[in-house]
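# Tertiary structure, described
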Amino acid sequence: MNTFEKITALLDQHHADYRVVEHEAIGQTDVISSIRGNDLNQAAKAMVLEVTMPDGADARYLLAIVPGDCKINFKSAARAIGGKKSSFAAPEKAQDLTQCVMGAVPPFSFDDRLALRVDTRLRDVGTLWFNAGALERSVALNVDDFFRVVGDDCCADIATPMTATA
């Protein structure tokens, strides 16, 4: 089963309210949001982070989901899973853990090695939009259904709003 099929099976299993939208293969949050017609804050931007753990423990991996109008707060993301600091995982490792090309990673982890944390700002967006394992397919998902599927314990303050530069 590919990632898109895993997502739709999971959503169907939970009787979630969603729809699939096909579009050009674009992995840039701002561009695809404009094409899909969603507000940037409704876009779920997924990033795989490598987290340095305390006391010399092995690094852990985190799938951090932030709104499209925000950037990741690396220190807060690390702390959300008990770590000290974090950085972007190597692209090869991220692709291995997600089974997706970058830009197509959904806000779901299907790998036990990949913890999931979702920024609390996404709780109130109404409809969550994300690429669904493929650059040419997106899902519009009722945000309450999303949190019902992934659980409320994955919420954390891990993003910082992007500010316009003068």
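Predicted, not measured: the structure shown is a model, and the values here were computed from it. (Residues numbered from 1 in each chain as written. Predicted model: local features only at pLDDT ≥ 70, side-chain atom pairs only at ≥ 80, totals over all residues. Heavy atoms only, no water.)

## Remarks on the overall build of the protein chain
Condition: Here a strand is any run of E in DSSP of at least two residues, a helix any run of H or I of at least four, and the numbering for each starts at the N terminus. The globule rule used here is 2.2 Å times the number of residues to the 0.38 power, and the radius of gyration it is set against is calculated over C-alpha atoms. The classification of residues rests on relative accessible area computed with a 1.4 Å probe and restricted to protein chains. Under 20% of the type maximum is buried, over 50% is exposed, and intermediate values are partly exposed. In what follows, a contact means two residues having at least one pair of non-hydrogen atoms within 4.5 Å.
Secondary structure assignment for the protein chain yields 5 helices and 10 strands. By the compact-globule yardstick of 15 Å for 166 residues, the protein chain fits well, its C-alpha radius of gyration being 15 Å. With respect to the three principal axes, the spread of C-alpha positions in the protein chain is 45 × 45 × 30 Å. With 166 residues in all, the protein chain has 47% of them scored as buried. Summarising the internal contacts of the protein chain: among those between residues at least 6 apart in sequence, 69% fall at separations of at least 24.

## Description of the layout of surface pockets
In this approach a probe as big as a water molecule rolls over the atoms, and the regions it shows empty are the leftover space. Filter applied, for reference: Here a cavity denotes grid points, spaced 1 Å and computed from the protein atoms alone, that fit a 1.4 Å probe unable to get out, and a pocket denotes an open set having protein on both sides within 12 Å along at least 5 of 7 lines; residues with an atom within 4 Å of a point are the lining. Grid points are joined across faces, edges and corners, and a volume is the space filled by probe spheres set on the points. Just so you know the grouping, Ala, Val, Leu, Ile, Met, Phe, Trp, Tyr, Cys and Pro go in nonpolar, Asp, Glu, Lys and Arg go in charged, and all remaining residues, Gly too, go in polar.
Quantified by volume, the largest pocket comes out at close to 190 Å³. Residue lining of the largest pocket: 16 residues in total, with Thr 29, Ala 44, Lys 45, Ala 46 and Gly 103 positioned closest to the centre. It is strand 2 (residues 44-52) that contributes the most residues to the lining of the largest pocket, 4 residues altogether. Taken together, the residues of the lining of the largest pocket sort by class into 9 nonpolar, 5 polar and 2 charged.

## Examining the side chain of Arg 117
For the record, the criterion: Positive residues here are Lys and Arg, negative ones are Asp and Glu, while His and the chain termini are left out of the count. Salt bridge, as applied in this entry: a Lys or Arg side-chain nitrogen positioned within 4 Å of an Asp or Glu carboxyl oxygen.
Structurally, Arg 117 is set in strand 6 (residues 114-119). Buried charged residue Arg 117 carries no salt bridge. Nearest counter-charge: Asp 153, at 6.5 Å.

## A word on the sheet that holds strand 7 (residues 127-134)
Heads up, the condition is: Any two strands with at least two DSSP-identified bridges between them are counted as paired. Only C-alpha atoms enter the line fits that serve as axes; for helices the fit covers just the stretch in contact. Angles between N-to-C directions range over 0 to 180 degrees.
In space, the 3 strands of this open sheet follow the order 1-8-7, with antiparallel pairing throughout. Across the chains shown, the open sheet's two edge strands, defined by having one partner strand only, are strand 1 (18-22) and strand 7. Pairwise comparison of adjacent strand axes, ignoring direction, gives a mean angle of 25° for this sheet. Two strands pair when backbone bridges link them, and strand 7 and strand 8 (residues 137-142) are joined in this way by 6 bridges, in the antiparallel orientation.

## Some points on the sheet that holds strand 9 (residues 155-156)
The strand order across the open sheet formed by 5 strands is 5-2-3-6-9, and the pairing between neighbours is mixed. Every interior strand has two partners, whereas the edge strands, strand 5 (85-88) and strand 9, have only one. Against the sheet, helix 4 (residues 91-98) contacts strand 2, strand 3 (60-67) and strand 6, and its axis sits at roughly 115° relative to strand 2.

## Describing empty space enclosed by the protein
Inspection of the entire model under this criterion finds 1 cavity of 30 Å³ or more. By volume, the largest cavity amounts to about 50 Å³. Forming the boundary of the largest cavity are Leu 97, Thr 98, Val 105, Pro 106, Phe 108, Ser 109, Phe 110 and Leu 114. Of the residues in the lining of the largest cavity, the class split is 6 nonpolar, 2 polar and no charged.

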